[in-house]
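One-letter residues, chain by chain:
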Protein chains: 4
Amino acid sequence: MIDDEEFLRDKVPMTKQEIRILTLAKAQLNVDSIVADIGAGTGSITIEAAKLSSRGKIFAVERKAEAIELIKRNVEKFSVENVTIIHAEAPDGLDALPELDAAIIGGSGGKLDKILDALSTKLKVGGRVVVNAITIQTAANVVEYFRAHGWTYEAIHVQITRFERVGSHDMAKALNPVYIISARRIL
Amino acid sequence: MIDDEEFLRDKVPMTKQEIRILTLAKAQLNVDSIVADIGAGTGSITIEAAKLSSRGKIFAVERKAEAIELIKRNVEKFSVENVTIIHAEAPDGLDALPELDAAIIGGSGGKLDKILDALSTKLKVGGRVVVNAITIQTAANVVEYFRAHGWTYEAIHVQITRFERVGSHDMAKALNPVYIISARRIL
Amino acid sequence: MIDDEEFLRDKVPMTKQEIRILTLAKAQLNVDSIVADIGAGTGSITIEAAKLSSRGKIFAVERKAEAIELIKRNVEKFSVENVTIIHAEAPDGLDALPELDAAIIGGSGGKLDKILDALSTKLKVGGRVVVNAITIQTAANVVEYFRAHGWTYEAIHVQITRFERVGSHDMAKALNPVYIISARRIL
Amino acid sequence: MIDDEEFLRDKVPMTKQEIRILTLAKAQLNVDSIVADIGAGTGSITIEAAKLSSRGKIFAVERKAEAIELIKRNVEKFSVENVTIIHAEAPDGLDALPELDAAIIGGSGGKLDKILDALSTKLKVGGRVVVNAITIQTAANVVEYFRAHGWTYEAIHVQITRFERVGSHDMAKALNPVYIISARRIL
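None of these values were measured; they are calculated from a predicted model.

**So, the packing of aromatic side chains**
With the rule as written, the count across this model stands at 20 aromatic pairs over all chains. Note on Phe146(C) and Tyr153(C): the rings are 6.2 Å apart at their centroids and 25° apart in plane angle, and the pair reads as stacked. Here the aromatic residues Tyr145(A), Phe146(A), Trp151(A) and Tyr153(A) are joined through ring pairs into a cluster of three or more.

Have a look at this one:
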């Protein structure tokens, strides 16, 4: 796995390493997976997915021009060749994608339901969607969506604290917690 | 309880409200308690203790001149009249104190064992000491001290996340976690 | 504060000590407060509130017969004389209460909005309501209610871990996390 | 990744899925890695490592007969063929191992320093050791060992809460937190 500091990030919020690891594990990628990273931000999830699914394809969908630029630079920095960057506000841009094995939603710009609607047909049966939520509302909305549409889902809340060396001591520094909600298309 | 923003704090680290609340509850102060606040920092614990033990007395012990200044200003701002400020590096300064009902240790400058030794005689039998620790080492040292000296102790780890309003959403913002270790002098 | 083990509890879920402490602090009780404890469960919050507001009055509202019995026994055990127990499913039973300084909602049986509606007139202006939520849905609903009705609120997520002595080691045992959402009636 | 319920576990404590995922990620296994799983318990880490390093080799070291039996049954259940089970109390049993790319320590029976001493020569330069600690003492000891011996290390504290469906709500159920401390042999 890649250390946080290795990514170019400017002031774009980035999914931290431990959250990337858990998110990608819940997405159950394999070497051939076709993946959408929606609200790709810095592209940190995109890059890790591109390495894990080295014979597959990753579509990074992002609405902000500044972030698009950053994803391009990170793709270049890490020399991954299986990434397609799509400058659009999801669900716009999802139509053109091929069938997906997995979708990871890091940001939804308030259009989560429409994105999940689009994924309902775009994901293969058995495909997985994993949402990272940092607000109560998004967590609640995602869970309600999955309940209402009969998806099997799993929700966890992850609180990571890192210890920083300060002289002879290791001091606790909390990362902000994240809800990771994952579901599998069964129909 | 007082909101964090009400305290003057400059750049001195301050114990956050929820940690103050739990720390003071574990110290079991009453209206007449005689209390030492060791490593008093901004004086936030001192001020809250002074209000809870309004007929008692609070001794704020602090080694840093900058923090001493801040404690003075907070004592003035909150108009508490039962606080004595002691500019010393504990255990220095503890000798001159009267018998204590409780001691709260927010900072120890690496002299925790000596401070606890001093409190062993300075605390009344039945008196309580509560330590806030933010490093693995301090947490481990405190627990080992209490084990080695036969004190009855209780240790908890407290992780508070506050939600901040960002538009229509409430976003999780973690505070750094704190170990709260409390013990009672029984002999 | 009272240790968890001191309360009679059978199999009724009980608010743990640290959560009781924070909840009561957020309710800002004083010695004369008139308080409703809604969904009182074992009565652990009721008992602590009765001690804090020793010249005030606590109304424990609870729908389950088994819990009502437990509250009675705890009231007796702790010899508090300012508690009135109301066997009803809130908002039923709230009408008959006097004006309140504070209301604490530990359980709502799915009728949270109606309970909050009732409290909107029953709480004094400046009075406080504090909700303990253990599900994503309740946390989200409470926040949405306060937003929709223009209440000023504060939401935190509290994760306490206790360390249990196991031989020469102190082993981390997590309590289930609780959202504590508090608001103040301003109009 | 494998769900917790799929492992046979009897009453042996098992590393939960999210902790397995993070632990294995920190160990940076590749398809050819030679790995020791020390204090293998149910073998859940062993099995996952065996799948990740399918062309490598996993040595599961465990002192308890009951757990050895369980590891055997899990190896059989998951049909992994690159696992060697060693019934010994580490550091006993480590001498006979080949050079390691990674070692994961889930349990140390109080012999952590000796195990780390043994790994200091057994790990390849650049190899990684990852320790899961559930007590303050073990966390502190591991960090002190790495400091004293000049290893570059990283320590995190991981608190996972799972949400369980209870009727129309998703209720928070905390897992016990774990310290994950990882280091790399550099000399």
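**A word on the relation of the copies chain B and chain D**
With an RMSD of 0.0 Å, the fit of chain B onto chain D corresponds to turning through 180° and sliding 0.0 Å along the axis. As the rotation angle and translation indicate, the two copies are arranged about a two-fold axis. When C-alpha distances to the rotation axis are compared across chain B, the minimum falls at Ala140(B), with a value of 3.2 Å. A shared binding surface is used by both copies, with 100% of the interface residues of chain B retained as interface residues in chain D.

**Concerning the pattern of salt bridges**
Under the counting rule described, the total for this entry stands at 48 salt bridges over all chains. A salt bridge links Arg162(B) to Asp4(B); the nearest nitrogen and oxygen atoms lie 2.8 Å apart. One end of the pair, Arg162(B), is in strand β6 (residues 152-166); the other, Asp4(B), is in the segment before α1 (17-27), and 158 residues separate them in sequence. Judged by relative accessible area, which is 5%, Asp4(B) ranks as buried. One continuous salt-bridge network, built from bridges that share partners, spans Asp4(A), Glu18(A), Arg20(A), Glu48(A), Arg162(A), Lys26(D) and Glu154(D).

**Digging into the relation of the copies chain A and chain D**
Superposing chain A onto chain D takes a rotation of 180° combined with a translation of 0.0 Å along the rotation axis, leaving an RMSD of 0.0 Å. A share of 100% of interface residues in chain A that are also interface residues in chain D marks the association as one of identical surfaces.

**Here we look at the interface of chain A and chain D**
Contacts between the two partners involve 27 residues from chain A and, on the opposite side, 27 residues from chain D. Both faces combined, the contact of chain A with chain D buries some 2,200 Å², and carbon together with sulfur accounts for 51% of it. In terms of surface lost to chain D, no three residues of chain A exceed Arg147(A), Phe163(A) and Arg165(A), which account for 23% of the buried area on that side. Run the count over chain A and chain D and you get four salt bridges. Asp170(D) serves as the salt-bridge partner of Arg147(A), at 2.9 Å between the closest nitrogen and oxygen. Linking chain A with chain D are 17 residue pairs in polar contact (both at pLDDT 80 or more), by the criterion used here. Grouping the constituent residues of the side of chain A that touches chain D by class yields 12 nonpolar, eight polar and seven charged. Across nine bridges, strand β6 (residues 152-166) of chain A lies against strand β6 (residues 152-166) of chain D in antiparallel orientation. Looking at the pairing, His157(A) lines up with Thr161(D) of β6(D).

**Digging into the interface of chain B and chain D**
Between chain B and chain D, the residue contacts involve nine residues of the former and nine residues of the latter. In total, chain B and chain D occlude about 710 Å² of area from one another, counting both sides; carbon and sulfur atoms represent 66% of this. At the junction of chain B with chain D, the criterion picks out three residue pairs in polar contact (both at pLDDT 80 or more). The residue inventory of the side of chain B that touches chain D, partitioned by class, reads five nonpolar, two polar and two charged.

**A closer look at unusual backbone geometry**
Residue and element names in this part refer to chain B. In the segment running from Ala-90 into Pro-91, the intervening peptide bond is cis, with an omega of 10°. You can see Pro-91 is positioned in the loop between β3 (83-87) and β4 (100-105). Although it is not a glycine, Asp-10 adopts a positive phi angle of roughly 45°. Secondary-structure assignment places Asp-10 in the segment before α1. A positive phi is found at Gln-28, a non-glycine position, where the angle reads about 50°. Here Gln-28 shows up in the loop between α1 and β1 (34-38). For Gln-28, a relative accessible area of 37% corresponds to the partly exposed category.

**Some remarks on the packing of helix α1 (residues 17-27) of chain D against helix α2 (residues 44-52) of chain D**
Residues and elements named next belong to chain D. The geometry of α1 relative to α2 is characterised by a closest axis approach of 10 Å and an angle of 50° between their N-to-C directions. Viewed along their axes, α1 and α2 adopt a mutual orientation that is oblique. Here the hand of the crossing between α1 and α2 comes out right-handed. Contact with α1, carried on its side by Arg-20, Thr-23 and Leu-24, involves Ser-44, Ile-45, Glu-48, Ala-49 and Leu-52 of α2 and no other residues of that element. Split into classes, the residues belonging to the contact of α1 with α2 amount to four nonpolar, two polar and two charged.

**Let's talk about the side chain of Asp170(D)**
Here Asp170(D) shows up in strand β7 (residues 169-174). A residue is classified by how much of its surface remains accessible, and Asp170(D), at 1% relative accessible area, is buried. A polar contact of 2.7 Å, which involves the side chain of Asp170(D), links it to the side chain of Gln137(C). Discounting chain neighbours no more than four positions away, the residues touching Asp170(D) are Val143(A), Arg147(A), Tyr153(A), Ile134(C), Thr135(C), Ile136(C), Gln137(C), Phe163(D), Glu164(D) and Arg165(D).

**Considerations on the environment of Arg162(B)**
For Arg162(B), a relative accessible area of 22% corresponds to the partly exposed category. Expressed as a C-alpha distance, the spacing of Arg162(B) and Ala174(B), which sit 12 residues apart in the sequence, is 6.2 Å. Aside from chain neighbours lying at most four places away, what touches Arg162(B) is Asp4(B), Lys16(B), Gln17(B), Glu18(B), Met171(B), Ala172(B), Lys173(B), Leu175(B), Ala155(C) and Ile156(C). Of note is the side chain of Arg162(B), whose polar atom sits 2.9 Å from the side chain of Glu18(B).

**Looking at the pairing of strand β7 (residues 169-174) of chain C**
Here β7(C) shows a buried face lined by Asp170(C), Ala172(C) and Ala174(C) and an unburied face lined by His169(C), Met171(C) and Lys173(C). Connecting strand β6 (residues 152-166) of chain C to the antiparallel partner β7(C) that follows it, the hairpin turn spans two residues, and Gly167(C) within it adopts a positive phi of roughly 60°.

**Here's the deal with the side chain of His157(A)**
Assignment of secondary structure puts His157(A) in strand β6. Overall, His157(A) belongs to the buried group, its relative accessible area being 4%. Setting aside residues no more than four positions away along its own chain, His157(A) makes contact with Pro177(A), Val178(A), Tyr179(A), His157(C), Gln159(D), Ile160(D), Thr161(D) and Phe163(D).

**Topic: the pairing of β6(D)**
Residue and element names in this part refer to chain D. Bridge count for β6 against strand β8 (residues 178-184) is seven bridges, and the pairing is antiparallel. Among the inter-strand pairings, Ala-155 is bridged to a residue of β8, identified as Ile-181. Bridge count for β6 against β7 is six bridges, and the pairing is antiparallel. Looking at β7, one finds that Glu-164 is bridged to Met-171.

**Digging into the confidence of the model for chain A**
Scored by pLDDT, chain A comes out at a mean of 96, with 100% of its residues at no less than 70. The ipTM assigned to the predicted complex is 0.95, against a pTM of 0.97.

Cut-offs used in this document
- Residues numbered from 1 in each chain as written.
- Chains lettered and ligands numbered in written order.
- Predicted model: local features only at pLDDT ≥ 70, side-chain atom pairs only at ≥ 80, totals over all residues.
- Heavy atoms only, no water.
- Phe/Tyr/Trp six-rings, centres within 6.5 Å; stacked < 30°, edge-to-face > 60°.
- Least-squares fit on C-alpha atoms with pLDDT ≥ 70 in both.
- Contact = heavy atoms within 4.5 Å.
- Salt bridge = Lys/Arg side-chain N within 4 Å of Asp/Glu carboxyl O.
- Helix = DSSP H or I, 4+ residues; strand = E, 2+ residues; numbered from the N terminus.
- Buried < 20%, exposed > 50% of the residue type's maximum accessible area, 1.4 Å probe, protein only.
- Buried area = accessible area lost by both parts, 1.4 Å probe.
- Polar contact = N/O pair within 3.5 Å; in protein donor to acceptor, adjacent residues only side chain to side chain.
- Nonpolar A, V, L, I, M, F, W, Y, C, P; charged D, E, K, R; others polar.
- Pairing = 2+ DSSP bridges.
- Axes fitted to C-alpha atoms, helices over the stretch in contact; angles between N-to-C directions.
- Parallel < 35°, antiparallel > 145°, perpendicular 65-115°, else oblique.
- Left-handed = near helix turned anticlockwise from the far one by under 90°.
- pLDDT = per-residue confidence, 0-100.

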